[in-house]
Structures are given as structure tokens and as C-alpha cells.
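Descriptive analysis of the structure
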Amino acid sequence: MHSQKNRLFLIIIAALLFPVWATAQGVLSFEDVMKFEDIGSIELSANGDWVAYEVWPDRGDGRVEVKSINGRNTYSITLGASPEITQNGDWVAAFRKVPLAEELKSDKNKQKQGLSLLSTSDGSITEFDSVQSFTFSEDGSWLAIQHHQSKEVEDLKSGNKKLGTEVTLWNTESGSAFSLPFVREMEFDSLSNYLAYSVVDTSDAENGLYVFDLNDQDSRAVDLVENGLYGNLTWDYDLQKLAFTKAAYDTSFVESNASVHIWDGQNEELSTLLNADAGNEGYVLRSNNELTFTNDGQRLFFGFMDAEMAALDTRKDDAGDAEIDIYDVDDIVEDRGLDIWHGDDPRIKTHEKKSWNSTKNHLYLAVYHLESSEWVQLADHEMPEIDIAHNPNVVLGSSQVPYMKEMTWEGFFNDWYYVNLETGKRTLIGKKLSEGVSLSPGGTFAAFYVKKHWNLLDIEKGVTRNITANLEVPFYNEDHDYPSRVPDYGIAGWVEDDRAVMIYDKYDIWRFPTDFSEPVSITDGAGREAKRIFRIERMDKDWGEPYDNNEELLLTSYHDLKKNFGFYSAKVNRTGVSRLLEEDKKFTFVDKAKDANTVLYKREAYDEFPNIWVANNRQFKRKNKLTNLHEDLHKKWNWGNAELIDWLSLDGKYIQGVVIKPDNYDPDKRYPIMTYYYRFFTDRLHDFNEPKTNHRPVFAQYVSDEYVVFLPDIRFEIGRPGFAATKSLVPGIQKLIEMGIADEDKLGLHGHSWSGYQTAFMVTQTDIFDAAVSGAPVSNMTSAYSGIRWGSGLARQFQYERTQSRIGQSLIEAPEKYIENSPVFFADKITTPMLIMHGDADGAVPWYQSIEMYLAMRRYNKDVVFLQYHDEPHHPQKFSNKLDYAIRMKEYFDYYLKGEGEPEWIIKGEAYMGD
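Residues numbered from 1 in each chain as written. Predicted model: local features only at pLDDT ≥ 70, side-chain atom pairs only at ≥ 80, totals over all residues. Heavy atoms only, no water.

Before going further, it helps to examine the overall build of the protein. Across its full length, the protein carries 20 helices and 54 strands. Principal-axis analysis of the C-alpha atoms gives the protein an extent of 95 × 80 × 70 Å. Put simply, the protein has 915 residues, and 54% of those count as buried. A fraction of 54% describes how many contacts in the protein between residues 6 or more apart in sequence connect residues 24 or more apart. A total accessible area of about 41700 Å² is found for the protein, and carbon and sulfur atoms account for 47% of it. Of note, the protein has its 96 positive side-chain charges centred 8 Å away from the centre of its 147 negative side-chain charges. (Helix = DSSP H or I, 4+ residues; strand = E, 2+ residues; numbered from the N terminus. Buried < 20%, exposed > 50% of the residue type's maximum accessible area, 1.4 Å probe, protein only. Contact = heavy atoms within 4.5 Å. Areas by Shrake-Rupley, 256 points an atom, 1.4 Å probe, with all protein chains shown as cover. Lys, Arg positive; Asp, Glu negative; His and termini not counted. Charge placed at Lys NZ, Arg CZ, Asp CG, Glu CD.)

Below you can see the structure in the form of C-alpha cells.
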């Protein structure tokens, strides 16, 4: 009897240690991954009463959920996406997507997305069809819906791409609707009195600018002209003034130069600011423009185009039916296909081509002073960029023109200036700066970083001082391991009245007074002391707005060693921090209600889906879980748990890694290891690894199939990136073996892009791995060095000399380093079976790099398989290809690490059978 009691006791203990679901877990299948739902776009009403959010699976149809913060009401919008919610929370609008099964049909006349409008008072939904965009008025009383072009009008438009489409203007309070035909652009004013809209119709006779009076509920013309083109509708936020451009087009739809006008909604006066002939020599006004009022309504920023570039839009084909001389040499060579690459070209041709549209359409900003009725051009070809600012004195200007050529091998730099708004005079702040410049809101100071220090420029006095030189704390990136200038941690913002600038070091936040008095750490050094990284989360203001001097700040925190997250508070004008919320979890701020104290945030861990939580105030005193997705992860699947380990690299550097073990982990059993890495991955300890079908392995899929997933950090060194990766990672693998976790004969390695390179290199240096997957790797740095990044058109030289590849010298200066770090030269040493994947339209890493690796391994009879996905970029995009690669990746590891399956494509390959 006594032994029976003991046995029962042991059973109870076992039940507590190993929950019932531990034996009922399954493997996360590819179908499970496709069906796995995620929370997407989240919207919070200004009054803090309602939240709307997307719930969509990796593949399939989803919805928008609408919930009251108090939890009493929940509604659903089937096929809903991109929700918007009125400030008072009365209405939620969301696109109604086409069902995937319908979308996949090849029918050219298949249905288009619509719009669903939900009333939160009763959950009723009003549907609108064929919708391309929508917008609410500021007060939520009106909804403007722009429809797709009807097929009938499509057939009539005769090449006029400027033709407008129908807009439905819906009154959310009365339910009345108005149809506005052929609307090209539309914009509500901030006071919800008007909807301004421009019209381009099929006859061109009604082209004009109109306003719909939302109070009187009628429409009237502001300005009309046949063949007119009105655009860039921009309201001043407070003064109810509407700025716009006006142009015309001819029968070939070629545009004229534009003029700029303002309509005053208070007195209904129309005035011309700039005629169509405005502009300095070489610059013209066009409809291609951006208009921006300053916050005080006193100035309007606009842009000029380069006259030569604008003239390209007026070119016509005049060949007509002219007689052709088949021996006319000039005529014949005009049809040539030729690019001339000159040694003095500022950009190489591929980059020039990729930059062509932005070069052609570049706007050289100017400012119009409304009080004096004068304008000043600020930007030009020598200084093309202007950062718009809302002070009345200066703006920042920048130019990379002097460094266009050397960006090919050195990277990106700018000369920075401050520019007087009254005169256009520019004054140099710094030459060849690799970081940006921050202008104070009042325009009296500028802060900039150079040579590992922050400098403060007093613009009025013309005095610059180094403000960090006397501090022992470094303000440069302490983890920088690239052969380039060491970057900073950034500016946190400015304090009201330009009295101070806030700057980050690695851990803490500092306040630097602009009177050059003693700087203060507002976090009081608590971050550095605890290895906790503090950053400011702007809750009530946009990032460009200054902090109030006594403002209470919400801080996010991340512990650099423990890898957990939290929220803290601090004061702008005091020192010290207060903990609000911190656990062994990851917390992410989502939103704060504009007119209430409601705060949304997410909480997650490796085994906790990032559901939405709500706090009733910024102190996080009362908090509730708002959504409840995937609370049964461990019940449905052998999901696993994540933990942190550490080790020393071969040269004694402290390194950490994340180990993810199955729920049914047996300490007496050794497991196959799937290693996935890039650079620093331990900050993902508490990340929920969202199941998605793509080029990355789904951690839970492998863990549920009784793998252990390993996410190590890598510490690099300049000139030896491949060796540094090996020195960092291999001791981590050995640590897993020593801990009894890893089966030393079942070690897998997976990397993509930069870690695809590391994988390809590492297996030339060690035989510890039993299978490797290398996606889009660089295999030969000597041939890649002068290759092209086809996505951007940039040469790859800067990447090897200064950035990710970390060689630090040119191929001419140090050919041995390029060879030593290139796996293709050591392919004969490889003993690890390797699967290579590359898309043959990769714009980042030329896919011939994988061909080189494949050919080198094939030459030496190495175990290699190369997957070439057709017309795919750096990361496969077509779902069928993503799924195929995910399946093959898993089959590859299963075959080599678990001895499961006999995939013919691995054993024998697959012969080409024609298209």
C-alpha cells in the first residue's frame, strides 16, 4: 500500500513537470505555416475607445477585427485590409480584398477590390465596389472613395493617362452620397469644411479645380480651363488656404509649364503666386511638384525642375510617313544600342540608369514668402537637396555631387550647409560628412557628428564647439567592426525654444544645453551601469517636434546581456529613470490615442504570439490583453522554448547565442542542430518567430520535428570576415556538444546572403558540419569586387572596401585578402554536403557567384546541389518558389541530419526536360 502511494505521488509530479499537451504535440507542417494568422496594420481611434487590426494568414483570406477597448464589442470585416478608423471611433473603413482563389484566376476581367464601411454602433457594414483609395475627413463625418476607372471610360480615354475617375462622397452621419465624376486628385481640409478636387474629363471641357462645401453640401468651381491640369492640392492646416499647381496639355497630352495659385476658403479669393514662366535660368515650374505650407502658414515650399529634363517630356516622334533613305548613315546609327562608359562619369552607367527617373524628376526646392510675395530658389545643381524646416530663418541643404565618383569604392558622403530663407545664401557646416545634420526647430542651432564626436553650431554667432570631447563616455558605435567611419547612435530630438539637444550613447540619453553649459545624462548613467539600452518612444508628438522642457518621456529598454525588453519613464529636465514594465519578454510600443491616455503595445516571446495589449495610461498601471491569437501553441505543436548560452571564440571574445529546444526535450538524448545566423541574433531571444513561407527556416517547424535551433552571434574583424565568422561560430557548436545537446554527427548550417557567404566559407575551413544550405552567397570576392548590384546599379567595390564584406582595401592593394576570404579558392577542402540557392534575377548578389561555387565544387566531385529559381530577386517572391525552396531545405536537412527520406533531386538531381 505504501509503495502504491509513492508511485501515485511520482505520477502526479510527472504530470506537473510534463503537461498533458507535451505528449499530444504535432509537427508544424507546411500547410500549418501557410494557414498561420498574423496581426497586421493596427489603428487606434483618437478617443481611445476602438481599435481595428488586420488578421491575415501567410496564404489565404483574412479579415479586419474591430474591438472596443472595454472588451464589450467585437466586429469582423471579411476580407478586410488596411483599416482606418475615425477619430471618434464611430466608423471603420477597410479595403475588401478579392478572395485569393479568385485573384489567382487568369481572367482579365476579374473583380477588383472594394471597400467595407463598418458602424461601431451596431456592426452594420456598407459595401462599395471597385475602390482604389479612400480617405476620411478630419472629423469623420465624410468619406471620400475613389473608384477604379470603368471599362466604358477606359475604352474612351484615348491615351489620356491624366483622366480622373469617379469619387463617391459619403456622409457618415446622414448616409447621403454624392457622385463626383472624373476626379484626378482630392484633399479634405483640416477643419472639415471642404473637399478640394481636380477634374480631368473625357471631353477636357470640364477640367478644373472644384471644392465641395461639406456644410452646404454642394460643389462649385474655383478655376476652369479647357485641357487644364490641376494638381498638388495642399491645404494650410489652420488658415484654410489651398495651394495648387495649374498647367495645360495639348492634343498629344504633352504638358505645359505650370503656375502656382492659392485659393482662400475664408473669403473665396483666388490668387496667383507664380506664373508659368517663373524660374531662374535653366529651371522651370511643372506639375511634377510638391507643395508644403510651413506650420505658421507664412511660407510655401515648392520645386523647380531642370529645364533640360522637363523638355524631355515634350519630345514628339516627327518621323511620320517621311521617305526613308536606307543608306543614310546618321539615320542608321540613330537606331544603335549603345552606352558609353567614361572614366570621368560621376555615376557608372548602371547606377546612372537606375537613378534616371529620380534625376529626371528631381525637384530643386524654393520657398515663397506669402507676406512679402517674394520667392527664393534654395537648391540647384551644386546643392540639390533641401530639408524643409518650419522656422522663418534657415533650412539645411546637402550635396553629394563632389563625391559621386568615389561613392563607387568609398560609400556615401555629403557636404552640408545652412541656407538663409530670405536670401538663399548658403553657409558650409561640414564637408564630406558620412552622417546627417540636425537643425533645431527654431533654426538657431545645428548638431552634427564627425570623427567620433558631436559638434554644436550656433548659427547666429557662427560658433562651433565639440560637445562630447570632455566626456569619458563614447558616443560612437562601440560595436562597429567595419573598415569605414565609425557611426553615431543618433539624436533623440531637441528641447523647446532650442534650449538643448538630446543625444544617445550606446545605453543612455544625454541632454546638451545650447548655451554650452554642462551636459547631463537624463537617464543618470543607469543604462550603462546595468547594460540596458534606453531609447525614447514619441507618444504624443511627431519626431520632428521639440520636447517640452518638463515633458515626461516613455523609454523603451533592451538589456544588452539578458536580451529582455521593457518600458521606463524619465523627465526631459531631470535625471533618473523609473521602471514601468519589464519582464523576460519583448515589448513593443504600438500607439497612443491622440486625445486619450489609452496605450497599445505588444508582448511576445519565442513561444508567445505578439498579441495586442492595452494600458489605460502611460504608467501601465492597468493593462489588459486585447487579442488572443495562438494561445495554444504548445498544445497544437511541439513548439519549444528558447534560452541563452555563451562561450568564448577561438581568440577569447565573449559571444552569446540562442538555443531553442523542443517541448519534449530529453537531456539524455542528443539532437540534430539547425544553425541560422547573420551577425547579432541574440536580440531575438524573445522574438516570436512568425511562421512564414520564405527563404528563412521557420524555427518552430524544425523544433517541432525534434531539431534544436541555434542562433549564434558573430563577431567580425576587418580583413578577415570569413575567418572571424568561423572563429565565432565553431566554438559555439562545440559548446552545444559539450553540453550534451548536439549530436556531433548531425550538425546543420544555414545562411542567406551575407550569412550565405559565411556558410560557403566556413565549410572550407572545418568539417564539423554535416549539411549546409547557402542562399545567394558571394563565393569569389575577386570577381564580385568589380561586379554590379543590379538592383541599385551601384558597383560592389564600396561593399568590399568599406562596408559589409569588411576587407578594408581594394583588390589591387590586397589581392591576397580577397583570395583568402573567397570560398571558391578552397572548394577542394570541402567535405560538407552543400545546397546552394539563388534567384537568377538577383539585384544584390550576382547569381553567377553561385555558379562559380557550384562549378568549383563539381570540379572536385564535392556533394553539391544548386537550386536556380527563375526570374527571382535576392529573396524569392513567387509563392510557389518560396514554398518549393522551404520544402527542399527541410528535405535536405532531414536527409543528411536525420537519415529520413530518399529525395531523388538530392540523390540524382533532375534532368532538363524542356520548357
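Having put the structure on the table, let's press on.
For the protein, the mean per-residue pLDDT works out to 94, and 96% of the residues sit at or above 70. In the model, residues 1-24 has pLDDT below 50 throughout and makes four contacts with residues more than four positions away in sequence or in other chains. (pLDDT = per-residue confidence, 0-100.)

Mapping Asn549 onto the fold places it in the loop between β37 (532-537) and β38 (552-559). In terms of polar contacts, Asn549 uses its side chain to reach the side chain of Arg511, at 2.9 Å. Contact partners of Asn549, with chain neighbours within four places excluded, come to Val495, Glu496, Arg499, Arg511, Val572 and Asn573. (Polar contact = N/O pair within 3.5 Å; in protein donor to acceptor, adjacent residues only side chain to side chain.)

This next bit is on the pattern of salt bridges. Counted according to the given criterion, the structure contains 47 salt bridges. Put simply, Arg299 and Asp296 hold a salt bridge, and the shortest N to O gap is 3.2 Å. Relative accessible area serves as the criterion here: at 4%, Arg299 is assigned to the buried category. Judged by relative accessible area, which is 36%, Asp296 ranks as partly exposed. Across the pair Arg532 and Glu582 runs a salt bridge, and its minimum N-O distance is 3.0 Å. Here Arg532 is found in strand β37, whereas its partner Glu582 is found in strand β40 (residues 578-582), with 50 residues between them in sequence. What emerges from the salt-bridge pattern is a single network uniting Asp705, Lys890, Asp894, Lys898 and Glu900. (Salt bridge = Lys/Arg side-chain N within 4 Å of Asp/Glu carboxyl O.)

A few words now on the packing of helix α13 (residues 721-738) against helix α14 (residues 754-765). Any two packed helices are characterised by the angle at which their axes cross and by the distance between the axes. Relative orientation of the contacting elements α13 and α14 amounts to 80 degrees, with a least axis distance of 9 Å. Taken as axis vectors, α13 and α14 run roughly perpendicular relative to one another. Residue-level inspection shows Pro721, Gly722, Phe723, Ala725, Thr726, Leu729 and Val730 of α13 in contact with α14, the latter providing Trp754, Tyr757, Gln758, Phe761, Met762 and Gln765. (Axes fitted to C-alpha atoms, helices over the stretch in contact; angles between N-to-C directions. Parallel < 35°, antiparallel > 145°, perpendicular 65-115°, else oblique.)

So, about the environment of Trp639. Relative to the helices and strands, Trp639 is located in the loop between α11 (633-636) and β45 (641-648). For Trp639, a relative accessible area of 0% gives the class buried. Sequence separation of Trp639 and Tyr702 is 63 residues, and the distance between their C-alpha atoms is 9.1 Å. With residues near it in sequence (within four places) discarded, Trp639 still touches Leu28, Phe36, Tyr606, Asp607, Leu633, His634, Asp663, Phe688, Pro691, Ala700 and Val703.

A few words on the sheet that holds strand β4 (residues 74-78). In spatial order, the strands read β1-β2-β3-β4; together these four strands make up an open sheet with antiparallel pairing. Here the strands that pair on one side only, and so sit at the sheet edges, are β1 (37-44) and β4. When the angles between neighbouring strand axes are averaged without regard to direction, this sheet yields 25 degrees. (Pairing = 2+ DSSP bridges.)

The next point concerns the pairing of strand β15 (residues 218-224). Inspection of the sheet shows strand β14 (residues 208-213) paired to β15 by six bridges, in the antiparallel sense. Counterpart to Gly208 in the pairing with β15 is Leu224. Once β14 ends, the chain turns through four residues before running back antiparallel as β15, passing Gln217 with a positive phi of about 55 degrees.

A few words on α13. In this model, α13 (18 residues) spans 26 Å end to end at C-alpha, consistent with the 26 Å of a helix rising 1.5 Å per residue. Counting buried positions along α13 yields 14 of 18 residues, so the element is predominantly enclosed. Of the residues one or two after α13, Gly740 is the one with positive phi, at around 80 degrees. (Expected span 1.5 Å × (residues − 1).)

On to the sheet that holds strand β19 (residues 269-274). Sheets are built from strands paired through backbone hydrogen bonds, the pairs being either parallel or antiparallel. Taken in spatial order, the four strands of this open sheet run β16-β17-β18-β19, and their pairing is antiparallel. This sheet does not close on itself; its edge strands, each paired only once, are β16 (228-235) and β19. On average, each strand axis in the sheet is inclined to that of its neighbour by 30 degrees, with strand direction left out of account. Alignment of strand β18 (residues 259-264) against β19, held across five bridges, turns out to be antiparallel. Residue pairing in the sheet places Val260 in a bridge with Leu274 of β19.

For the rest of this paragraph, the subject is the packing of aromatic side chains. One pass over the full model with this rule turns up 56 aromatic pairs. For the pair Tyr601 and Phe620, a centre-to-centre distance of 5.4 Å together with 70 degrees between the ring planes defines the contact as edge-to-face. Pair noted here: Tyr601 is in strand β42 (residues 599-605) and Phe620 is in the loop between β43 (608-615) and β44 (623-625), with a separation of 19 residues, a long-range link. Comparing Tyr601 with Phe620, the two get one shared label, buried. Through a chain of ring-to-ring contacts, the aromatic side chains of Phe36, Tyr606, Phe609, Trp637, Trp639 and Phe688 assemble into a single cluster. Over the aromatic face of Phe413 sits the side chain of Lys432, whose NZ or CZ is 5.0 Å from the ring centroid. (Phe/Tyr/Trp six-rings, centres within 6.5 Å; stacked < 30°, edge-to-face > 60°. Lys NZ or Arg CZ within 6 Å of the ring centre and 35° of its normal.)

What follows concerns unusual backbone geometry. Within the chain, Asn232 stands out as a residue other than glycine whose phi angle is a positive 55 degrees. Looking at the secondary structure, you find Asn232 in strand β16. For Asn232, a relative accessible area of 13% corresponds to the buried category. Its identity as a non-glycine residue notwithstanding, Gln240 has a phi of 55 degrees, on the positive side. By relative accessible area, Gln240 is classed as buried at 8%.

Our next topic: the environment of Asp479. Relative to the helices and strands, Asp479 resides in the loop between β32 (463-466) and β33 (491-495). When its relative accessible area of 22% is taken as the criterion, Asp479 is described as partly exposed. For the pair formed by Asp479 and Phe716, sequence separation is 237 residues and the distance between their alpha carbons is 9.8 Å. Setting aside its immediate chain neighbours within four residues, Asp479 contacts Tyr489, Lys506, Arg679, Phe680 and Arg715.

Where like charges cluster on the molecular surface, the negative patch consists of Glu323, Asp325, Asp330, Asp331, Glu334 and Asp335. Looking at the element boundaries, Glu334 is found in the loop between α6 (329-333) and α7 (349-354). Residue Glu334 is classed as exposed on the basis of its relative accessible area of 61%. (Patch = residues over 30% accessible without salt bridge, like charges linked within 9 Å, V, L, I, M, F, W, Y side chains within 5 Å.)

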